[in-house]
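Commentary on secondary and tertiary structure
Chain by chain, the residues run as shown.
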Amino acid sequence: MTEKTKEQIWAEWVATQDIGHFQERLNAETEDGKHKILAQLLSSELYKIRLKPRC
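Residues numbered from 1 in each chain as written. Predicted model: local features only at pLDDT ≥ 70, side-chain atom pairs only at ≥ 80, totals over all residues. Heavy atoms only, no water.

1. Description of the environment of Leu41
Cut-off, in case you're wondering: Only DSSP runs of H or I reaching four residues or more are called helices, and only runs of E reaching two or more are called strands; each is numbered from the N terminus. Contact criterion: two residues are considered in contact whenever any of their non-hydrogen atoms come within 4.5 Å of each other.
Its location among the elements puts Leu41 in helix H3 (residues 31-51). Each C-alpha atom, one on Leu41 and one on Gly20, is 16 Å from the other, the two residues being 21 residues apart in sequence. Once residues lying within four places of it in the same chain are set aside, the contact partners of Leu41 are Ala11, Ala15 and Phe22.

Quick look at the structure:
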């Protein structure tokens, strides 16, 4: 298993917090930081979807 990047760890932590707090943290980021966080969240969710067995 590969080590997670700082962005991956942060993105996963933020995803577990309430949406209001997430929005505050996201608004405090630079545009580049926002893109990295949102891209990582999408990547993580797509990975989870691919792991689910299909009926």
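2. Description of the pattern of salt bridges
Applied cut-off: Just to be clear on terms, a salt bridge is a Lys or Arg side-chain nitrogen sitting within 4 Å of an Asp or Glu carboxyl oxygen. With a 1.4 Å probe rolled over the protein chains alone, any residue whose accessible area is under 20% of its type maximum counts as buried; one over 50% counts as exposed, and the rest are partly exposed.
Inspection of the entire model under this criterion finds four salt bridges. A salt bridge links Lys34 to Glu31; the shortest N-O distance between them is 3.4 Å. On the criterion of helical spacing, the pair formed by Lys34 and Glu31 is a turn pair, its members being three residues apart in helix H3. You can call Glu31 exposed: its relative accessible area is 52%. Where Asp32 meets Lys36, a salt bridge forms, and the shortest distance between an N and an O atom there is 3.5 Å. Pair noted here: Asp32 and Lys36 are both in helix H3, with a separation of four residues, about one helical turn. On the basis of relative accessible area, Asp32 is assigned to the partly exposed category, the value being 48%. The partly exposed category is assigned to Lys36, whose relative accessible area is 42%.

3. Digging into the packing of helix H2 (residues 19-27) against H3
The cut-off we apply is this: In this analysis an axis means a line fitted to C-alpha atoms, helices contributing only their contacting stretch, and an angle means the value between N-to-C directions, from 0 to 180 degrees. Roughly parallel refers to an angle under 35 degrees, roughly antiparallel to one over 145, roughly perpendicular to one between 65 and 115, and oblique to any angle outside these ranges. Classes in brief: Ala, Val, Leu, Ile, Met, Phe, Trp, Tyr, Cys and Pro nonpolar; Asp, Glu, Lys and Arg charged; the others, Gly included, polar.
For the pair H2 and H3, the least separation of the axes is 9 Å and the interaxial angle reads 140°. If you check the angle between H2 and H3, you find them oblique. Note on element contacts: H3 touches H2 through Lys34, Ile37, Leu38 and Leu41, opposite Phe22, Leu26 and Asn27. Looking at the contact of H2 with H3 residue by residue, the class counts come to five nonpolar, one polar and one charged.

So far we have only geometry, and geometry alone does not tell us how the molecule works.
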